[in-house]
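Observations on the model geometry
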Amino acid sequence: MGVSCHATDCMANYFFNKIVVNGGMFCEAQHCFWKVSIMNVISLLAGVVLKLSYHFVQKSLIRLSVLGIFGSVLLTASSLAAQTAPARMHFDVDAKVFRLDGGDVTYVLGVNGEGQVQTLYWGKHLPEAEHFDAARPSQGNASFDPPVTTTPHEYVGWGGALYVQPDLKITFPDGNRDLVLKYVSNKVGDGELAIMMKDISREVYVTLQYQMDPETGILRRSAEVENRTGAPFTIEQVASGTWNLPRGTDYRLHYVTGRWAGEWHLQEQPVHGGMTVLESRRGTTGSQNNPWFMIDHAITKDQDEGSVWFGALGWSGSWQIAVEQDALQQVRVTGGPNAFDFSYLVKKGDRFQTPYFYGGYSSHGVGDASRLLHRFEVDSLLPHAPTPKLRPVLYNSWEATEFRVDEPGQVALAEKAATLGVERFVMDDGWFGQRKDDHAGLGDWYVNPQKFPNGLKPLINKVHSLGMEFGLWVEPEMVNPDSDLYRKHPDWVLNFSGRPQTEGRNQLVLNLARPDVHAYVLQWLDKLLTENDISFIKWDYNRNWAEPGWPAVPVGEQKNVYVDFTRNFYDILEQMRKKHPNTEFESCSGGGSRVDLGVMHLTDEVWPSDNTDAYDRQFIQEGFTYAYTPGVMMAWVTDSPNWVNHRTLSLDYRFLSAMQGSLGIGANLNNWKPEDFATAKQMVATYKGIRETVQRGSLYRLMSPREGEATVTESVSRDGKQAVTFAFLHSSTQNYPFPRIYLRGLDENAVYDLKAISGKLSPGTPAFASGAYLMNFGVDVDLRGDFQAMAFTLSRR
Ligand code: GLA
């Protein structure tokens, strides 16, 4: 890849590489000026409108027109899916200012006189005619915070006098660790802005990549580090990029904390001077933090008001998001693989591609920020975006039978599940190897002959004959020491030679970074899916890393495990999806420990928590939906009293709680009474009538379980024809009525029919009302007592 090109090359490149072929050469700014001028003439004479395929949003078009004014290039991408809010890229050659517009967002960056690339603006959409001056480096603050430390870099190497979080830190073979990146060239095309930087003396190139979603304005960023030095070097720290917020002193950070059975606790705290690090050092995503953040102004109270900047990493390995307020009270957010215990050897000629870091902005509060994320996930990120399948209602055997699965037992459950309208029957843990409990069997992926003497086929056929799809649980990255696999390949686990190996749930982690382990998992999973008609795989992962050594490779490459493990995990999912396109996947990790935008790109749904207590779920589901769409959020109705809290809840309450996401049933149906079957059957039917609204619609969080005795959510369908409201009362006190519900997101002038789908509206509630009435006068529901729930729909006339 050249760093410069002649004008004629540029033009040819423009037509043949950038347009026809994905890729092409980088042009230095002055060459691009010529390119642009020549292009202008051609464009004006011929009046050409070029239509390009746009990769970020499939099935979109880019209309490329070239403007003569100031030698600037304007690229317009308009989605075919929805013809609104085209993403546009604009490059002011003279000022070296790049501007991206999408949704209601404008993002502007520029190259300053020092050759540093810095953020100029990230926020609400600005008029197209707005002019941005060339970027200027910061003044710094005395000798302690020199300009390089306070300039809002898009991407900065650790070198010179940099004291804030670097995006890239490299150790060269001679011990040199100074890295100073300067702008070299840019490429604008194919819906992507690429900016190439290079170290001031060494042949280290870093390409910053930007793609903006035209619908939501969510920007996808990553960086590619290229080693042209002629010798290997070691990356000690690498980020996907840094987000710089506008100058402000009242910022508040939203994030989640959690643990097993208690994931997705929302936290908020002021952004102070210094650094707050959200992270996982555990090898995978983890639930202690999730790789997602939102930052708003602390004064904002309403869910749907105020400016919010948010971001999420697409990475399922150890990760880090550092939120830092510098000496000038500027806030920067840097994210990527975790720098702790990290290194990656980049051999000469090789490139290192970072994960994606997605970022967005809303001027309508954290509520709208979540809705933008949901929409982006459904329309652009999930495996079948923009039309992922609605989640089928599933039954899962885990809480009913745990490891005690066998053919007659599963058939009995399947027969009962089918009568409820369940669409997919999933057999959980216990079907393979010598698996009687969690002490043995992981790694031996053959069907247990005592439990299933004729293999899985008779059960699968039975499930199909009952009109359901069949799904199966696996945990491919794990091994029990009590397994044939471990006895044969004790060296396949993560380990430091001669050191203890810490077990978790009696299992060790296979080193998926190893080519032989990667090949083994590919082979047995492919065989399983080839030999059996399996529509769904629940891919579990039930512990974190310990002693993460990889003694089989040279010392300098052993820490590559942090990246190669995750890449191989993705690769297996990718290959399986390609070979078995009718099989869907769920990401589960002892609950919600592997939920992120990286795994969501390759899986159809995720399991938020092993905690299935329907009241606890109100908190879990609220936290989850700050970042992730209810369309992938699995929620089961399980037995009562629940095993987590021994809390007793009515079947209606349990159903309504699970119906806020993707409905599943995980109860022991053998213990159900006829009236339970009747309730469940009716609830499943009701759910099917609202699931598109719940899974695809716009979610409004009207009352938070964290703030009082009520939880209320409302989902409005994309076409605006249906809204579904769920209301939960935790506990009545002192004869107070349930708080009035003021709906949101309706059409003021439309008329809606109200209907309770479970429980009761208050006496006197009108049978129909205008959107204006419902949003301003509101709706009262009849809930009293402890742990009561109801739901109602609005249907637009
Ligand atoms: C994890 C999952 C559960 C279940 C068990 C099986 O804990 O989160 O849903 O699959 O493993 O062992």
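Look up a bit, the structure's there.
Thresholds applied
Residues numbered from 1 in each chain as written. Predicted model: local features only at pLDDT ≥ 70, side-chain atom pairs only at ≥ 80, totals over all residues. Heavy atoms only, no water. Salt bridge = Lys/Arg side-chain N within 4 Å of Asp/Glu carboxyl O. Buried < 20%, exposed > 50% of the residue type's maximum accessible area, 1.4 Å probe, protein only. Pairing = 2+ DSSP bridges. Helix = DSSP H or I, 4+ residues; strand = E, 2+ residues; numbered from the N terminus. Axes fitted to C-alpha atoms, helices over the stretch in contact; angles between N-to-C directions. Parallel < 35°, antiparallel > 145°, perpendicular 65-115°, else oblique. Left-handed = near helix turned anticlockwise from the far one by under 90°. Contact = heavy atoms within 4.5 Å. Near = heavy atom within 4 Å. Polar contact = N/O pair within 3.5 Å; in protein donor to acceptor, adjacent residues only side chain to side chain. Areas by Shrake-Rupley, 256 points an atom, 1.4 Å probe, with all protein chains shown as cover. Nonpolar A, V, L, I, M, F, W, Y, C, P; charged D, E, K, R; others polar.

1. Re the pattern of salt bridges
Counted under the stated rule, the structure contains 44 salt bridges. For the salt bridge of R435 with D429, the shortest nitrogen-to-oxygen distance reads 2.9 Å. Classification of D429 as buried rests on a relative accessible area of 1%. Shared partners join several salt bridges into a network, and the residues in it are K389, R391, R424, E469, E584 and E605.

2. Concerning the sheet that holds strand β17 (residues 274–280)
Ordered in space as β14-β21-β20-β17, the four strands form an open sheet in which the pairing is antiparallel. Every interior strand has two partners, whereas the edge strands, β14 (241–244) and β17, have only one. For this sheet, the mean angle separating the axes of adjacent strands, direction not counted, is 15°. Where β17 and strand β20 (residues 319–325) come together, seven bridges link them in antiparallel fashion. By the bridge assignment for β20, L278 is matched with I321.

3. Details of the pairing of strand β24 (residues 356–362)
In terms of residue burial, β24 counts as a mostly covered element, since six of its seven residues are buried. The pairing of strand β12 (residues 219–227) with β24 spans three bridges and is antiparallel. Looking at the pairing, R220 lines up with Y358 of β24. In terms of strand pairing, strand β19 (residues 308–314) meets β24 through seven bridges, oriented antiparallel. Looking at β24, one finds that G311 is bridged to G359.

4. Regarding the sheet that holds strand β22 (residues 344–346)
The pairing of strands in a sheet comes from backbone hydrogen bonds and takes either a parallel or an antiparallel form. The strand order β8-β13-β22 describes an open sheet built from three strands, whose pairing is antiparallel. Two strands bound the open sheet, and with one partner strand each, they are β8 (168–171) and β22. Put simply, the sheet's adjacent strands are angled 35° from each other on average, direction ignored. Judged from the three bridges that link them, strand β13 (residues 233–238) and β22 form a sheet pairing that is antiparallel. Across the sheet, residue F233 finds its bridge partner in β22, namely V346.

5. Overview of the packing of helix α9 (residues 515–531) against helix α10 (residues 561–579)
Their axes nearest at 10 Å, the elements α9 and α10 cross at an angle of 25°. Taken together, the axes of α9 and α10 are roughly parallel relative to one another. As for how α9 packs across α10, the hand of that crossing is right-handed. In this structure, α9 contributes H518, V521, L522, L525, D526 and L529 to the contact, and α10 contributes N568, D571, I572, Q575, M576 and K579.

6. Description of the site of the ligand
Surrounding the ligand, one finds 13 residues, the nearest of these being D428, D429, K538, D540 and D610. Between the ligand and D428 there is a distance of 2.6 Å, counted from an oxygen atom to a side-chain nitrogen or oxygen. Between the ligand and the protein, one listed contact pairs an oxygen atom with a backbone N or O atom of G591 at 3.2 Å. Protein burial of the ligand: of its 300 Å² of free accessible surface, 97% is covered by the chains. When grouped by side-chain class, the residues that make up the shell around the ligand number four nonpolar, three polar and six charged.

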